[in-house]
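Below, each chain spelled out in residue letters.
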Amino acid sequence: MGVQQPLEVRREDQVRLIAYGTGLRGSGYPNAAATIELLRQMPDWHVVDCVDWLPEDIHLWRTASGSWIGRGRVAAALILRGLFQALRIQFTRHTRQTFAYVPYPSLFVLYWLSWMPRRWRQRVIADAYISVWDSMFCDRRRDQSGSPASRFLRHIEARALRSADSVLVDTEANAHKMVMDFGLDPERVHSVPLAVVEAPFLGIPPRRNAATGRVRVLFIGTMIPLHGIEVVLEAVHALRHEPRIEFRLIGNGQMGSQVEHALRESGNTRVTWLREWQPLDVMVQEIAEADICLGVFGGSNKAARVLPFKLYMYFAAGRPVISQGELSLPAGVPYPPIVPVDPCDPGALPAAILQLLDEMERGQARGHLLRNYFREWISARQLAAAWRQLCSKRGVGK
């Protein structure tokens, strides 16, 4: 994730960034840790990591789909940790060139800061990524957005995000939704690329044996409606008599039992399912051994507003990608060279897989287009440029 910068910068010219908050990390949430590491490599920035990192096996989707008691315990822990981190931000002496960066889920810190008068409040860049309220109450096909608990959390998140000087999200569609849902100032909401540990994926060599061997189709996801796992399972069933194709699924989640039942009933014996989320090195190996990678197929709501981490990984690895055609991107980023399909058409995904199979057998390759796209538009270089622009707008940075 190296970024070419001048070799020597005077200390007084450096931008100082201190990362606070209660952060998620690991292969499921690489953005904050990878962002901090990227900015550390820029010699005209001085970055200090004071984040209270949660264990890598913590996944919010498990909490969101768990019991109210489990949700309450996690929320209480995040609220108390957030209070401590907010006090650290507010009572640590900062210079004019210092920014506080609060990673996702930032609302547990921002809410406490929101009670401080703005003229005394430290400047904060908050990673909102996706809305906690939206994830807890509006998606996963169990819309409870009208419940008292939903209205309360929406009020809390709105107040919290309005306290930040800048709010970072991953796509333009999510930026618009944050503004509409929480009454944010559009000038303070910025869509920037996500950060991934990109070097291992960029180091994956082209896949060359697909034309002579069995083609592996890989799906990585948390088995929730957002990812459109039902569409993938329909393709598994439809291609059960195609001996050239094998499927590999990685992940588990809300729909795990339905996936298990569907695979039993599919009649396709060329399917492997790794039910637990895998560490980074396993993800790299799995993508390296894949010929075709599947994105999201959740339709026109939340799935159309995101460009998930797995697509960044697929693109960097140079693997052909099939995903739904309706998607959103960071500001200024053009549409990617994926194979788009309509998730409402049950025959679209099987047809796209067979199309790519035929292209491979004719010696045609799409992967290099996606790797070039990644480098040009959504790599660490573009994220670093976005941070520079963000801070230079505020009178600091280079």
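**Student:** Which residues make up the packing of aromatic side chains, and what are the values?
**Tutor:** Here a ring pair, both rings aromatic, is described through the centre-centre distance and the interplanar angle of the planes. As enumerated under the stated definition, the model contains eight aromatic pairs in all. Measuring from centroid to centroid gives 6.2 Å for tryptophan 45 and tryptophan 387, while their planes differ by 80°, and the two rings are edge-to-face. With tryptophan 45 in strand β3 (residues 45–49) and tryptophan 387 in helix α15 (residues 380–392), this residue pair connects regions lying 342 residues apart in the sequence. Like tryptophan 387, tryptophan 45 is buried.

**Student:** If you had to explain the sheet that holds strand β14 (residues 339–341) to someone new, which residues and values would you point to?
**Tutor:** Here six strands make up an open sheet; going across it, the order is β11-β10-β9-β12-β13-β14 and the pairing parallel. Only two strands of the sheet have a single neighbouring strand rather than two, namely β11 (271–274) and β14. Across the sheet, the axes of successive neighbouring strands diverge by a mean angle of 20°, strand direction being ignored. By the bridge criterion, three bridges tie strand β13 (residues 321–324) to β14 in an arrangement that is parallel. The partner of isoleucine 322 across the bridge, within β14, is valine 339.

**Student:** Give a detailed account of the nonpolar core, specifying residues and quantitative values.
**Tutor:** Formed by 73 residues in total, the largest nonpolar core has its most connected members in Ile287, Tyr314 and Phe315. No other element matches helix α12 (residues 309–317), which puts eight residues into this core. When neighbours within four sequence positions are excluded, phenylalanine 315 is seen to be in contact with Val321, Pro336, Ile338, Leu370, Arg371, Tyr373, Phe374 and Ile378. Among the nonpolar cores identified, the runner-up in size contains 31 residues, and Ile245, Phe247, Ile292 and Met360 belong to it.

**Student:** Any chance you could break down the pairing of strand β10 (residues 245–250) for me, citing the residues and the numbers?
**Tutor:** The element β10 is largely enclosed, with a buried count of six among its six residues. Going residue by residue along β10, you find Ile245, Phe247 and Leu249 tucked away on one face and Glu246, Arg248 and Ile250 tucked away on the opposite face as well. Alignment of strand β9 (residues 215–220) against β10, held across six bridges, turns out to be parallel. Bridge pairing in β10 places arginine 216 opposite glutamate 246. The parallel pair β9 and β10, bridged by helix α9 (residues 229–238), forms a crossover whose chirality is right-handed. As judged from the four bridges shared by β10 and β11, these two strands associate in the parallel manner. Across the sheet, residue isoleucine 250 finds its bridge partner in β11, namely leucine 274.

**Student:** Tell me about α15, and please be specific about residues and values.
**Tutor:** Taking 1.5 Å of rise per residue, the 13 residues of α15 would be expected to cover 18 Å, and the 18 Å separating its terminal C-alpha atoms lies within 8% of that figure. Every buried residue of α15 is listed here: Ala380, Gln382, Leu383, Ala384, Ala386, Trp387, Arg388, Leu390 and Cys391.

**Student:** Provide a residue-level description of the sheet that holds strand β6 (residues 124–129), including the pertinent values.
**Tutor:** Spatial ordering of the open sheet is given by β3-β1-β5-β6-β7-β8, a layout of six strands whose pairing is parallel. With partners counted over all chains shown, the strands left at the sheet margins are β3 and β8 (189–191), one partner each. Within the sheet, the average angular offset between the axes of one strand and its neighbour, ignoring direction, is 25°. Where strand β1 (residues 15–19) meets strand β5 (residues 98–102), four bridges bridge the pair, whose relative direction is parallel. Along β5, the bridge assignment pairs arginine 16 with threonine 98.

**Student:** Outline the confidence of the model for the protein chain, listing residues and values.
**Tutor:** Taken over all residues, the pLDDT of the protein chain has a mean of 86, while the share at 70 or more is 88%. Model confidence for the protein chain, summarised as mean pLDDT per element, is weakest for helix α2 (residues 60–64) at 60 and strongest for β14 at 97. A low-confidence stretch, residues 3–9 (pLDDT under 50), is modelled with ten contacts involving residues beyond four sequence positions or located in other chains.

**Student:** Summarise the packing of helix α1 (residues 31–40) against α15; cite the residues concerned and give the values.
**Tutor:** Running from N to C, α1 and α15 point in directions that differ by 75°, and their axes come no closer than 10 Å. When the axis of α1 is compared with that of α15, the two are roughly perpendicular. Contacts from Thr35, Leu38 and Leu39 of α1 reach α15 at Ala380, Leu383, Ala384 and Trp387.

**Student:** Give a description of the pairing of β13 that names residues and reports values.
**Tutor:** Of the strand pairs in this sheet, strand β12 (residues 292–294) and β13 are connected by two bridges, and their pairing is parallel. By the bridge assignment, cysteine 293 is partnered in β13 with valine 321. The handedness of the β12 to β13 crossover, carried by α12, is right-handed.

About the thresholds
Residues numbered from 1 in each chain as written. Predicted model: local features only at pLDDT ≥ 70, side-chain atom pairs only at ≥ 80, totals over all residues. Heavy atoms only, no water. Phe/Tyr/Trp six-rings, centres within 6.5 Å; stacked < 30°, edge-to-face > 60°. Helix = DSSP H or I, 4+ residues; strand = E, 2+ residues; numbered from the N terminus. Buried < 20%, exposed > 50% of the residue type's maximum accessible area, 1.4 Å probe, protein only. Pairing = 2+ DSSP bridges. Axes fitted to C-alpha atoms, helices over the stretch in contact; angles between N-to-C directions. Core = buried A, V, L, I, M, F, W, Y, C linked by side-chain atoms within 4.5 Å. Contact = heavy atoms within 4.5 Å. Right-handed = clockwise from strand over helix to strand, strands pointing away. Expected span 1.5 Å × (residues − 1). pLDDT = per-residue confidence, 0-100. Parallel < 35°, antiparallel > 145°, perpendicular 65-115°, else oblique.

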